[in-house]
Amino acid sequence: ERVPVIDLSSYFQLDNYSDGDRENASRKLDQVCGEVGLFKLRGTGILKSKAVWMLDWIRRFFESASNDIKYQMELDRKSGRGYQKLGQNVTKGEPDQHEGIDMYHRISKERLELMMNGFENWLETKEKQEMFMEFASGNNRWPEDQEWNEMRDVVLDWIEDMKRVGYVVMKALQDATGCSIVDDCMNEPFWCARAIYYPKVLAEESGDCGERVKKYGCGEHSDYGFLTLLVEDSSEDCFEAQLQSGEWIKSNAVQLLEQNDQDECEFLCNLGDMLQLASGGRYRATPHRVLRPVVRNRVSFGFFFEPNLDAIIKPIMVSKQKQHQDHADVHRNDSMLQPYGIHLFNKVSTNFRY
């Protein structure tokens, strides 16, 4: 296994560990984020069985919900929320071979109206302003049939756990660098979540399993924001990440196959573009992609922990060691000095084929 493991038990169980334990853990996290930008997270206290239960509901939806149920949740063009059919999500102009459900944090109308006063320079038309407001304050889409109410409740409960985990990881990075990124940019953090279903390669598509690399479940990309937390229910090594050397390595986002397993859940974590920018290039946004599975249809759930929508992201994480100035210069440009919400809105607006 070439993916580093980070144990943050000292941050999740404060009374059982010393300040020195937390300092050691945050220092290791800081090092891994700079060198790799990808790690497996342990020590959260969240049981593996809880992740399995959530993923089982997601699998049931994609594999057994009727087309009528799915299209009740059809992707809303304005808010970017809802169900996407196979090939509707696009990465670098190519359709991805997965289905998905996109969910976002909902900003209150009152908070959004105050926020919009500073967004006029980036939302030139009334139409764009209305679309952004719907994106930031729209309702997530759930099946109308009561049969699926438990899935909604299970997923929302999981998201609450992920918000807590995301905050702790970011707090550990803040401690490591001595900056105030959580206090300055994350007092009202935004979040995104994606439930994704990757159908396996069918026999008639390929007589050689090696051919699966020609069509990705999700094409090469880096994530937009700060931190991604991923779990999946497949043991196939479909997830690939690119090291700084250019080499691609395989990993799985943790095998979660036994519902009676009381071990703690393990998360696959990677960093996004805005954290690379905020760190002045010290941390690395990890390019990654997902191969189509061969043995079993793959289900994953990604949680994206983001800064405030109105946060202006620029290099503010002052390292205790020398900053990687060469990387910082690449990313310090005026086009990026905009509210994070505008950056996210522009990215999401080009993600789908309608």
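Preceding this section is the structure that the text describes.
Quantities reported herein were computed from a predicted structural model and do not represent experimental measurements.

Q: How should I be thinking about the overall build of the chain in this particular structure?
A: Tallying secondary structure elements over the chain gives 11 helices and 14 strands in all. Each of the 354 residues in the chain was classed as buried or not, and the buried ones make up 55%. Residue pairs at least 24 apart in sequence account for 81% of intrachain contacts in the chain once pairs closer than 6 positions are excluded. Accessible surface, the chain: about 15,900 Å² in total, of which carbon and sulfur atoms supply 45%.

Q: How should the sheet that holds strand β8 (residues 216-221) be read in this particular structure?
A: To summarise the sheet geometry, strands pair through backbone hydrogen bonds and adopt either a parallel or an antiparallel arrangement. The sheet built from four strands is open, its strands ordered β8-β13-β10-β11 with antiparallel pairing. Each edge of the sheet is formed by a strand with only one pairing partner; in this case those strands are β8 and β11 (248-251). Strand-to-strand twist across the sheet, computed as the mean angle between neighbouring axes with direction ignored, equals 25°.

Q: Hey, could you run me through the side chain of Ser79 in this one?
A: Within the secondary structure, Ser79 sits in the loop between α4 (67-72) and β3 (82-84). Of the polar contacts made by the side chain of Ser79, one reaches the backbone nitrogen of Arg81; its length is 3.3 Å. Setting aside anything within four residues of it in sequence, one finds Ser79 in contact with Tyr104, Glu134, Phe135 and Gly138.

Q: Please explain the packing of helix α5 (residues 109-116) against helix α6 (residues 126-137) as it appears in this structure.
A: Each pair of packed helices can be summarised by the angle the axes make with each other and by the distance between the axes. For the pair α5 and α6, interaxial distance at closest approach is 10 Å and the crossing angle is 140°. As far as their axial angle goes, α6 and α5 are oblique. Handedness of the crossing formed by α5 with α6: right-handed. Residue-level contacts link Lys109, Leu112, Glu113 and Met116 of α5 to Gln129, Phe132, Met133, Ala136 and Ser137 of α6. In the contact of α5 with α6, the residues fall into five nonpolar, two polar and two charged.

Q: What's the story with the nonpolar core in this structure? I'm lost.
A: Nonpolar side chains in soluble globular proteins tend to be buried together. Ranked by internal contacts, the top residues of the largest apolar core, which has 87 residues, are Phe39, Phe132 and Phe301. At 12 residues, the largest contribution of residues to this core is made by helix α7 (residues 149-177). The next biggest cluster of nonpolar side chains, apart from the first, holds 15 residues, and it includes Val3, Cys218, Leu268 and Val290.

Q: What should I look at first to understand the environment of Lys40 in this one?
A: Note on placement: Lys40 falls in strand β2 (residues 38-42). Residue classification places Lys40 among the buried residues on the basis of a relative accessible area of 7%. When the C-alpha positions of Lys40 and Leu230 are compared, they lie 9.5 Å apart, and in sequence the two are 190 residues distant.

Q: Would you take a moment to explain unusual backbone geometry for this structure?
A: Keep in mind that most residues, glycine aside, have a negative phi and that most peptide bonds are trans. Despite not being glycine, Lys92 has its phi angle at roughly 50°, a positive value. Examined against the element boundaries, Lys92 turns out to sit in the loop between β4 (90-91) and β5 (94-95).

Q: I tried to follow the packing of α6 against helix α11 (residues 340-348) on my own but got confused; where do I start?
A: Relative orientation of the contacting elements α6 and α11 amounts to 95°, with a least axis distance of 11 Å. As summarised for this structure, α6 and α11 are arranged roughly perpendicular, according to the angle between their axes. Touching Lys128, Met131, Phe132 and Phe135 of α6 are Gly341, Ile342, Leu344, Phe345 and Val348, all from α11. Residues belonging to the contact of α6 with α11 are distributed by class as follows: seven nonpolar, one polar and one charged.

Q: Explanation requested: the pattern of salt bridges in the structure shown.
A: Side-chain pairs of opposite charge can arise where the charged atoms are in close proximity. Under the defined criterion, the tally for this structure stands at 22 salt bridges. One salt bridge in this structure joins Lys70 and Glu99, with 3.3 Å as the shortest N-O distance. Here Lys70, found in helix α4, pairs with Glu99, found in strand β6 (residues 99-104); they are 29 residues apart in sequence, far enough to count as distant. In this structure Lys70 comes out as buried when scored by relative accessible area, which is 6%. The class of Glu99 is buried, set by a relative accessible area of 11%. Lys128 is the salt-bridge partner of Glu124, the closest N and O atoms lying 3.7 Å from each other. According to the relative accessible area criterion, Glu124 is exposed, its value standing at 56%. Owing to a relative accessible area of 37%, Lys128 belongs among the partly exposed residues under this scheme. The network of salt bridges with shared partners includes Arg59, Glu63, Asp233 and Arg296.

Q: Please clarify how the packing of aromatic side chains should be interpreted in this entry.
A: Aromatic ring pairs are defined here through the distance separating the ring centres and the angle between the ring planes. By the definition in use, this model includes 17 aromatic pairs. A ring pair is formed by Phe61 and Phe62, whose centres lie 5.4 Å apart and whose planes are at 75°; its orientation type is edge-to-face. Per residue, the accessibility class of Phe61 equals that of Phe62, and both read buried. The ring of Trp248 carries Arg289 above its face, with NZ or CZ at 3.8 Å from the centroid.

Reading guide: rules and limits
- Residues numbered from 1 in each chain as written.
- Predicted model: local features only at pLDDT ≥ 70, side-chain atom pairs only at ≥ 80, totals over all residues.
- Heavy atoms only, no water.
- Helix = DSSP H or I, 4+ residues; strand = E, 2+ residues; numbered from the N terminus.
- Buried < 20%, exposed > 50% of the residue type's maximum accessible area, 1.4 Å probe, protein only.
- Contact = heavy atoms within 4.5 Å.
- Areas by Shrake-Rupley, 256 points an atom, 1.4 Å probe, with all protein chains shown as cover.
- Pairing = 2+ DSSP bridges.
- Axes fitted to C-alpha atoms, helices over the stretch in contact; angles between N-to-C directions.
- Polar contact = N/O pair within 3.5 Å; in protein donor to acceptor, adjacent residues only side chain to side chain.
- Parallel < 35°, antiparallel > 145°, perpendicular 65-115°, else oblique.
- Left-handed = near helix turned anticlockwise from the far one by under 90°.
- Nonpolar A, V, L, I, M, F, W, Y, C, P; charged D, E, K, R; others polar.
- Core = buried A, V, L, I, M, F, W, Y, C linked by side-chain atoms within 4.5 Å.
- Salt bridge = Lys/Arg side-chain N within 4 Å of Asp/Glu carboxyl O.
- Phe/Tyr/Trp six-rings, centres within 6.5 Å; stacked < 30°, edge-to-face > 60°.
- Lys NZ or Arg CZ within 6 Å of the ring centre and 35° of its normal.

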